[in-house]
Each structure stands twice: as C-alpha cells, then as structure tokens.
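The residues making up each chain are set out below.
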Amino acid sequence: MESYTKKPKIEVPYIPEGRSILYMPMTNKYMIEAKEYAKENSLDKEMPNTSLIVKNEKVIGRGANGSTYHETHECERVKQHIPTGEGYELCEGCHPRNHGEARAIKDALDHGFDIKEADLYLWGHWWCCKPCWNTMISAGIKNVYLLENSEVLFNKKDSNNVVGRQFDKKE
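Anyway, here's the lowdown on the structure attached to this text.

The rules behind each value
- Residues numbered from 1 in each chain as written.
- Predicted model: local features only at pLDDT ≥ 70, side-chain atom pairs only at ≥ 80, totals over all residues.
- Heavy atoms only, no water.
- Buried < 20%, exposed > 50% of the residue type's maximum accessible area, 1.4 Å probe, protein only.
- Helix = DSSP H or I, 4+ residues; strand = E, 2+ residues; numbered from the N terminus.
- Pairing = 2+ DSSP bridges.
- Arc of directions from axis to C-beta.
- Contact = heavy atoms within 4.5 Å.
- Axes fitted to C-alpha atoms, helices over the stretch in contact; angles between N-to-C directions.
- Phe/Tyr/Trp six-rings, centres within 6.5 Å; stacked < 30°, edge-to-face > 60°.

### Re the pairing of strand β3 (residues 58-64)
Most of β3 is tucked away, with five of its seven residues classed as buried. Pairing analysis gives six bridges linking strand β2 (residues 50-55) to β3, with the strands arranged antiparallel. Considered in β3, the bridge of Thr 50 is made with Ala 64. Taken together, β2 and the strand that follows it, β3, pair antiparallel across an intervening segment of two residues, in which Asn 56 is found at a positive phi of about 55°.

Below, the structure written as structure tokens:
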C-alpha cells in the first residue's frame, strides 16, 4: 500500500474534533480511479469530485457530486451570497445528498457492503463539509484521504488552483 502524508494543519472550513485528513499523491491507484470517475460521472462541471469507499484494498462504493438542478435553476446559495461550506440544504443542486461522499456511501450500502472501518478517497475537493463528515462518521468511515496539494489545486480562492482545468493536466 502506498504511504500517505499527514500535512501540518491546513485551515479548512470544517473538520470534526478528533478527525484528520490524510493526503495521497496522484500516483495512488485510488486517486487515479477517482479522478477518472469524476471526469466521467460528475454533474458539477466547475468543481467535479468523486469519492471512493475502499475496504481491504477493494473499491466497494463510488459517488460523484452534482445534480442537473443548476442547469435550469439558479443556485439559492449564490443568490443569497452564502459562503462555501454553509447552507447546502437550501439549494436542491447543492444538497449534501448530491455530494460525492454521501453517494459513495449509499452506493456501497446499496450493494450490501459493510463499510465500517473503510476508507474514503476524495478527488476534486480540498475539504469535507460538516454534513458529509457527519455521514462518514455515522457510517463508520475510518480515514479520509485527499489529493496532495488539494488545498491549492481545488481551492477557488487560491491563485494557483486548477478549477475549470481539472482534467487538463495530471492533478
């Protein structure tokens, strides 16, 4: 198994007490698969992301983010100037049930897998919102892995991000 890195504390909008985010390089097979799955399945064209549930070195659940709601409706969060990480439940297109983490968990459970102590690999984002953390903790997810440098690559506020160009190079 490829080793992970635990970075110095990165300021993220939310992380539950006692939990941490671990980081994997883009050479990690689960990150490679997650990126490809996001490219093929995410309905969010600006911030496509995917979560994979992995247990015993086997992918048991996959989930891409997004919905078609924003194609025909305005985002309630944008209209109300709600900051990142807040008010997802106010917009059907942003609702946590449309996040990759929740969809991957649902996929694994729908296929009869026990996800207690499984790991979640997230490509395309640099943090997990509170509703997703709550869902992962309730489901028994052990570790959460993000792509190395995701806090730069997928952070809209960072001038070195790849937002809108996620599939142009090997990020």
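Anyway, onward from the coordinates.
### Some words on the environment of Tyr 23
Mapped onto the elements, Tyr 23 comes out in strand β1 (residues 21-24). The buried category is assigned to Tyr 23, whose relative accessible area is 4%. C-alpha separation for the pair Tyr 23 and Ser 150, spaced 127 residues apart in sequence, amounts to 8.5 Å.

### Let's talk about helix α5 (residues 130-139)
Among the residues of α5, those classed as buried are Cys 132, Trp 133, Met 136 and Ala 139. Projection of α5 onto a plane perpendicular to its axis shows the buried side chains occupying an angular sector of 135°, all on one side. Buried positions along α5 lie against β1, α4 (100-110), β4 (119-123) and β5 (143-147).

### Side note on the environment of Trp 127
Note that Trp 127 resides in the loop between β4 and α5. Using a relative accessible area of 2% as the deciding quantity, one classes Trp 127 as buried. Remark: the alpha-carbon pair of Trp 127 and Val 78, spanning 49 residues in sequence, is separated by 20 Å. In this structure, Trp 127 is in contact with Val 12, Pro 13, Tyr 14, Ile 21, Thr 84, Gly 85, Tyr 88, Leu 122 and Leu 146, ignoring residues within four places of it in sequence.

### As for the sheet that holds β1
One open sheet accounts for five strands, arranged β1-β5-β4-β2-β3; its pairing is mixed. The open sheet has two edge strands with one neighbour each: β1 and β3. In this sheet, adjacent strand axes meet at a mean angle of 25° when their direction is disregarded. One ladder, built from five bridges, connects β2 with β4; its direction is antiparallel. Looking at the pairing, Val 54 lines up with Asp 119 of β4. Sheet contacts for helix α1 (residues 29-41): β1, β2, β3, β4 and β5; angle to β3, the most-contacted strand, approximately 35°. Its contacts with the sheet put α4 on β2, β3 and β4, and the angle it makes with β3 is roughly 135°.

### Points about the packing of aromatic side chains
The relation between two aromatic rings is expressed through the spacing of the ring centres and the mutual angle of the planes. Across all of its chains, the model carries five aromatic pairs by this definition. Seen from their ring centres, Tyr 30 and Tyr 121 are 4.9 Å apart, and the 50° between their planes marks the pair as tilted. Of this pair, Tyr 30 sits in helix α1 while Tyr 121 is found in strand β4, placing the two residues 91 residues apart along the sequence. There is no split in this pair, since Tyr 30 and Tyr 121 are both buried. An aromatic cluster of at least three residues, connected via ring pairs, comprises Tyr 30, Tyr 121 and Tyr 145.

### Here's the deal with the side chain of Asn 49
Within the fold, Asn 49 resides in the loop between α1 and β2. Taking relative accessible area as the criterion, Asn 49 reaches 5% and is therefore assigned buried. Excluding anything up to four places from it in sequence, Asn 49 contacts Ala 38, Ser 42, Gly 63, Ala 64, Asn 65, Gly 100, Leu 122, Trp 123, Gly 124 and His 125.

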